[in-house]
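# An overview of the molecular structure
Chain by chain, the residues:
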Amino acid sequence: MAGVAVSPASLLDVIAEIAEISANTGVFKKDCADLARRVCLLTHLVEEIRDSPQTPTAEESDASSSCECDWWSDLVVGLQAAKRLLSAATCFQARESSEGAAKRISFQFQCVTWKLEKALGNLPYDRYDISDEVREHVELARLQLRRAMQRYGSLNSKKFSTALSEPMEKDASRKVTEKLECIPETIHSNIPSSDEKKLESPPRRKSSSVSLAFFLSKDADNERLEKAITKTNDDDSKKSDNLTIPEDFLCPISLELMKDPVIVSTGQTYERSYIQRWIDCGNLRCPKTQQKLGNFALTPNYVLRSLISQWCTKHNIEQPGGYTKNCEGEVSKIRALVRKLSTRSLQDRRTALSEIRSLSKRSSDNRILIAEAGAIPILVKLLTSEDVETQEKAVTCVLNLSIYESNKELIMLAGAVTSIVQVLRAGTEEAKENAAATLFSLSLADENKIIIGASGAIPALVNLLENGSVRGKKDAATALFNLCIYEGNKGRAVRAGVVNPLVKMLSDTSSHRMVTEALTILSVLAGNQDAKTAMLRANAIPCLIALLQKDQPRNRENAAAILFAICKRDKEKLILIGKLGAVVPLMELSRDGTERAKRKANSLLELLRKSSQKLC
């Protein structure tokens, strides 16, 4: 995705609000308490990300940023969803709600748990230099979330039947329930995902049950809810004029406009992602009819999809993700362009590549359609074209297509890595830059790190890091950092000579200095013995101490971390850094640095103290 609007500071506020939600009463008391406890374990993680210069909040247009922000987006959505879910679940009125409403809230607990576990599973620890202590907190939270997923498993309606028949321990606040009951069906334009209805009966009516889409929507927050309610109360006489989405266009589970409608064996239509999740949770019955599903096949409802697209176009409404206006026309256009890629006319190929490059840059929808049209294998072949312009445009197209997660696998299956490495070695400057960015994008999938590392890409990236353009060096540094997260690639990078250019960058004072990037990669490599030896040979210690004394806080922190890794078992090096003036800046860092910087500085100071005592 192209950017995330929520900052770490804002997310800390969300976590604090979750911690304040009372979870001592109600049918979902244990679920609420467990979820709140797991969320609170993430406080220190978000704090360290907040202190990192690599914050995942800035709007970026390049491929690497789009891919990197996916995990942060999942975390933001999951925590915001957790807050809304806890607010509603603590106010759930067992006696006044149906068993189906209780089951849907339990399903929402499972979806929020899954979303948070997914986000933490994709967290790039080393990019934000997360400390070992915080990693342990995160892994504990992940373990608990996975166990919760196993515990939820198949949703047990018997549990809720029993709970519904028992009295509540206390009268819970009805605030959230009352707010939801105030929202009429006709305010779709204000809150697209909060139009509530009961699944048990066909007529549309208000309900205290809460839409799953409401909780999982990044845009549905309390402020918008308050505005919608206020607007409803003020303009009640005008609500008949508001546009109402046809009921058949709404997913019965999420209650939002469908983007990929599919038909189940009972003949009912649902949004694919929600019904698939419902089935994956172990539910064997149709959510709407409660009939047993004869099979779990999901058949695309192309007719309904076309009707929804036409309705959106007619009423000038932005179509949900997955749609493109005049979709059939776009598909035909893209297929024609893909056919042109294989023509003998060089000019036709160049023209088609230019258009595909432009289309693939605009949206995920286009990236999907281009891949579905069979463009990827043809583009991979064009990477080895002798025509310079063709090669440049082809590698840029592959880069743009790789932004969409599912396309990464298609690109790898097409054998693209070898050709990309060839471009990286012998292409033009622009082609090399985009080849490096493509390798970074593909390496975001862990299994691809191994394949790319074994392909000979690392020496080519090191060469670009040392001799490329400013942009090329930055692209190479980003790709090398991500590849070196995999332990097996660290040795390859050291043998390729990555340490020397990185150490040279530490003393660079030009306007295009890459000290931050160099320190980040060196901090990842510092745990490797060969890398430490190479750093000592390159005389890295004086450069690190110089940065420790006067550079920006994050760089000082990384310099301390690298010094600690190099010197912790080497008395001679400890004595050396003491003589070179490391003590005073380390003491300053132990007082004024980030939490991680303080820990590293204190650890290094303790080693220096012990070594001096032994000398005495």
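Residues numbered from 1 in each chain as written. Predicted model: local features only at pLDDT ≥ 70, side-chain atom pairs only at ≥ 80, totals over all residues. Heavy atoms only, no water.

### Quick word on the overall build of the protein
In terms of helices and strands, the protein carries 32 helices and three strands. A buried classification covers 53% of the 616 residues belonging to the protein. When contacts within the protein are restricted to residue pairs at least 6 apart in sequence, those whose partners lie at least 24 apart make up 71%. Only carbon and sulfur atoms are counted for the fraction: they give 48% of the accessible area of the protein, which is about 27,900 Å². (Helix = DSSP H or I, 4+ residues; strand = E, 2+ residues; numbered from the N terminus. Buried < 20%, exposed > 50% of the residue type's maximum accessible area, 1.4 Å probe, protein only. Contact = heavy atoms within 4.5 Å. Areas by Shrake-Rupley, 256 points an atom, 1.4 Å probe, with all protein chains shown as cover.)

### Description of the nonpolar core
Buried together is how nonpolar side chains tend to be arranged in soluble globular proteins. Among the nonpolar cores identified, the biggest contains 98 residues, and Met535 and Ile577 are the most heavily contacted of them. If we ignore the near neighbours within four places in the chain, the residues touching isoleucine 577 are Ile541, Ile545, Leu563, Cys567, Ala582, Leu604 and Leu608. One finds Leu11, Leu12, Phe28 and Val46 within the second-largest nonpolar core, a separate group that totals 42 residues. (Core = buried A, V, L, I, M, F, W, Y, C linked by side-chain atoms within 4.5 Å.)

### Side note on the packing of helix 28 (residues 540–550) against helix 29 (residues 553–567)
Put simply, helix 28 and helix 29 touch, their axes get as near as 8 Å, and they point 145 degrees apart. Handedness of the crossing formed by helix 28 with helix 29: left-handed. Here helix 28 contributes Ile541, Leu544, Ile545, Leu547 and Leu548 to the contact with helix 29, which in turn contributes Arg556, Ala559, Ala560, Ile562, Leu563, Ile566 and Cys567. Looking at the contact of helix 28 with helix 29 residue by residue, the class counts come to eleven nonpolar, no polar and one charged. (Axes fitted to C-alpha atoms, helices over the stretch in contact; angles between N-to-C directions. Left-handed = near helix turned anticlockwise from the far one by under 90°. Nonpolar A, V, L, I, M, F, W, Y, C, P; charged D, E, K, R; others polar.)

### Here we look at helix 25 (residues 499–506)
In terms of burial, helix 25 is largely enclosed, as six of its eight residues are buried. Among all positions in helix 25, only Val499, Pro501, Leu502, Val503, Met505 and Leu506 are buried. Next to the buried residues of helix 25 lie helix 22 (457–467), helix 26 (515–525), helix 27 (529–537) and helix 28.

### Some words on the pattern of salt bridges
Counted by the stated rule, this structure contains 20 salt bridges. Between arginine 38 and aspartate 34 there is a salt bridge; the shortest N-O distance is 4.0 Å. Of the two residues, arginine 38 and aspartate 34 are both situated in helix 2 (residues 29–40); the distance of four residues between them amounts to about one turn of the helix. Each of the two residues, arginine 38 as well as aspartate 34, counts as buried. Across the pair glutamate 389 and lysine 393 runs a salt bridge whose closest N-O atoms are separated by 2.6 Å. Here glutamate 389 pairs with lysine 393, and both are found in helix 17 (residues 388–402), just four residues apart, close to one helical turn. Note on glutamate 389: relative accessible area 30%, which makes it partly exposed. One continuous salt-bridge network, built from bridges that share partners, spans Lys30, Asp34, Arg37 and Arg38. (Salt bridge = Lys/Arg side-chain N within 4 Å of Asp/Glu carboxyl O.)

### Here we look at the packing of helix 20 (residues 429–443) against helix 22
Remark: helix 20 packs on helix 22, axes separated minimally by 11 Å, with the N-to-C direction vectors making an angle of 130 degrees. As summarised for this structure, helix 20 and helix 22 are arranged oblique, according to the angle between their axes. For the pair helix 20 and helix 22, the sense of crossing is left-handed. Contact residues: helix 20 offers Lys432, Ala436 and Leu439, while helix 22 offers Ala457, Leu461 and Leu464. Considered class by class, the residues forming the contact of helix 20 with helix 22 number five nonpolar, no polar and one charged. (Parallel < 35°, antiparallel > 145°, perpendicular 65-115°, else oblique.)

### Quick look at the sheet that holds strand 1 (residues 261–263)
Taking strand neighbours across the sheet as the criterion, the three strands line up as 2-1-3 in an open arrangement whose pairing is antiparallel. The sheet is open, and its two edges are formed by strand 2 (269–271) and strand 3 (299–300), each paired on a single side. The pairing of strand 1 with strand 3 spans two bridges and is antiparallel. Opposite valine 262, over in strand 3, you have proline 300 as the bridge partner. (Pairing = 2+ DSSP bridges.)

### Brief notes about unusual backbone geometry
In this model, asparagine 539 sits at a positive phi of 60 degrees, which is unusual for a non-glycine residue. On the secondary structure map, asparagine 539 appears in the loop between helix 27 and helix 28.

### Some points on the confidence of the model for the protein
Of all residues in the protein, 76% attain a pLDDT of 70 or more, and the chain-wide mean is 76. Here residues 57–67 scores under 50 on pLDDT; set against residues more than four positions off or in separate chains, the count is 22 contacts. Counted against residues more than four places away or in other chains, residues 154–241, with its pLDDT under 50, gives 165 contacts. (pLDDT = per-residue confidence, 0-100.)

### Remarks on the side chain of aspartate 475
Counting through the fold element by element, aspartate 475 comes out in helix 23 (residues 470–483). With relative accessibility at 16%, the residue aspartate 475 sits in the buried group. Apart from residues lying up to four places away in sequence, aspartate 475 is in contact with Glu433, Ala436 and Ala437.

### A few points about a nonpolar patch on the surface
Judged by side-chain polarity, Ile450, Ile451 and Tyr486 come together as a nonpolar surface patch covering roughly 250 Å² of accessible area. Mapping isoleucine 451 onto the fold places it in helix 21 (residues 446–453). Take isoleucine 451: its relative accessible area is 45%, and that puts it in the partly exposed class. (Patch = residues over 30% accessible without salt bridge, like charges linked within 9 Å, V, L, I, M, F, W, Y side chains within 5 Å.)

### Description of the environment of threonine 594
Relative to the helices and strands, threonine 594 is located in the loop between helix 31 (583–592) and helix 32 (595–615). Residues threonine 594 and proline 553, 41 residues apart in the sequence, show an inter-C-alpha distance of 7.8 Å. Those residues in contact with threonine 594, other than ones at most four positions away along the chain, are Asp51 and Glu557.

### Here we look at the side chain of serine 360
Mapping serine 360 onto the fold places it in helix 14 (residues 346–362). Residue serine 360 is classed as buried on the basis of its relative accessible area, which comes to 0%. In contact with serine 360, other than residues within four places in its own chain, are Arg367, Ile370, Cys397, Asn400 and Leu401.

### Remarks on helix 31
Those residues of helix 31 that sit buried are Pro585, Leu586, Leu589 and Ser590. The arc that holds the buried residues of helix 31, viewed along the axis, is 140 degrees, so those residues lie on one side. Of the exposed residues in helix 31, those oriented more than 90 degrees away from the buried face are Val584, Arg591 and Asp592. (Arc of directions from axis to C-beta.)

### Observations concerning the environment of asparagine 407
One can find asparagine 407 in helix 18 (residues 405–413). In this structure, the C-alpha to C-alpha distance between asparagine 407 and isoleucine 368, residues 39 residues apart in sequence, is 7.7 Å. With sequence-adjacent residues up to four places away left out, asparagine 407 is seen in contact with Arg367, Ala371, Ile376 and Leu401.

### Description of the environment of valine 395
Mapped onto the elements, valine 395 comes out in helix 17. Under the relative-accessibility criterion, valine 395 is labelled buried at 0%. Between the alpha carbons of valine 395 and threonine 384 there is a distance of 9.7 Å; along the sequence they are eleven residues apart. In this structure valine 395 touches Leu383, Ala431, Asn434, Ala435 and Thr438, once residues within four positions along its chain are discounted.

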